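Okay, here's what each chain looks like letter by letter:
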Amino acid sequence: MPHQILSTTDANRQAALDLAASGFPVFPLGADKRPRVTGWQVKATRDPDTIRRWWAKWHDAMPGLPTGAASGLAVLDLDVRADKDGLAALRDLGLDPEA
């Protein structure tokens, strides 16, 4: 069976559904990375019907995942720019982000 090429809209919706099926609650994000739903911290869901409704309303949404107890995920955001190098700062602490 040939692979189906999904539009970005379909791919993002499918990614949200796949994450939910894997046990991660999701919520829709706009292109500006801001949540499309108020109260996203408690509205993030694994319910496929809710996810389909959200993506029908916001076709361009990206899947967002809450961090912490809701998902068991923790995130470390390392900036690398002209005046700041998060990777170098970690290495200075004896931590290797590449390991």
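Heads up: the structure comes first, above all this text.
> Help me understand the overall build of the protein, please; the structure alone is not making it clear to me.
Summing up its helical and strand segments, the protein has four helices and four strands in all. Starting at the N terminus and ending at the C terminus, the protein contains elements arranged as α-β-α-α-β-β-β-α. Its C-alpha atoms give the protein a radius of gyration of 17 Å, clearly above 13 Å, the size a compact globule of 99 residues would have. Within the protein, the proportion of its 99 residues that are buried is 25%. Put simply, of all contacts in the protein between residues at least 6 apart along the chain, 54% involve residues at least 24 apart. By element, 54% of the accessible surface of the protein is carried by carbon and sulfur atoms, the whole surface being about 7,200 Å².

> In this structure, what is going on with the environment of R36? I would like to understand it.
With respect to the helices and strands, R36 occurs in the loop between strand 1 (27-29) and helix 2 (40-43). Through-space distance from the C-alpha of R36 to that of V26 is 12 Å; in sequence the pair is ten residues apart. Not counting residues within four places of it along the chain, the set of residues in contact with R36 comprises P28, L29, G30, A31, W58 and D60.

> How should unusual backbone geometry be read in this particular structure?
The bulk of non-glycine residues show a negative phi, and the bulk of peptide bonds are trans. At K33, a position not held by glycine, the phi torsion is positive, near 70°. What makes K33 exposed here is its relative accessible area of 65%.

> How do you make sense of the side chain of N12 when you look at a structure like this?
Relative to the helices and strands, N12 is located in helix 1 (residues 8-21). We classify N12 as buried; its relative accessible area is 18%. A distance of 3.3 Å separates the side chain of N12 from the backbone oxygen of A61, its partner in a polar contact. When near neighbours in sequence (up to four residues on either side) are disregarded, N12 contacts W55, D60, A61, M62 and P63.

> In this structure, what is going on with the environment of G86? I would like to understand it.
Tracing the backbone shows G86 in helix 4 (residues 86-92). Residue class for G86 comes out buried when judged on its relative accessible area of 12%. Along the sequence, G86 and A20 sit 66 residues apart, while their C-alpha atoms lie 31 Å from each other.

Conventions used here
Residues numbered from 1 in each chain as written. Predicted model: local features only at pLDDT ≥ 70, side-chain atom pairs only at ≥ 80, totals over all residues. Heavy atoms only, no water. Helix = DSSP H or I, 4+ residues; strand = E, 2+ residues; numbered from the N terminus. Rg over C-alpha atoms; globule rule 2.2 N^0.38 Å. Buried < 20%, exposed > 50% of the residue type's maximum accessible area, 1.4 Å probe, protein only. Contact = heavy atoms within 4.5 Å. Areas by Shrake-Rupley, 256 points an atom, 1.4 Å probe, with all protein chains shown as cover. Polar contact = N/O pair within 3.5 Å; in protein donor to acceptor, adjacent residues only side chain to side chain.

Any link to function would need more than the numbers given here.
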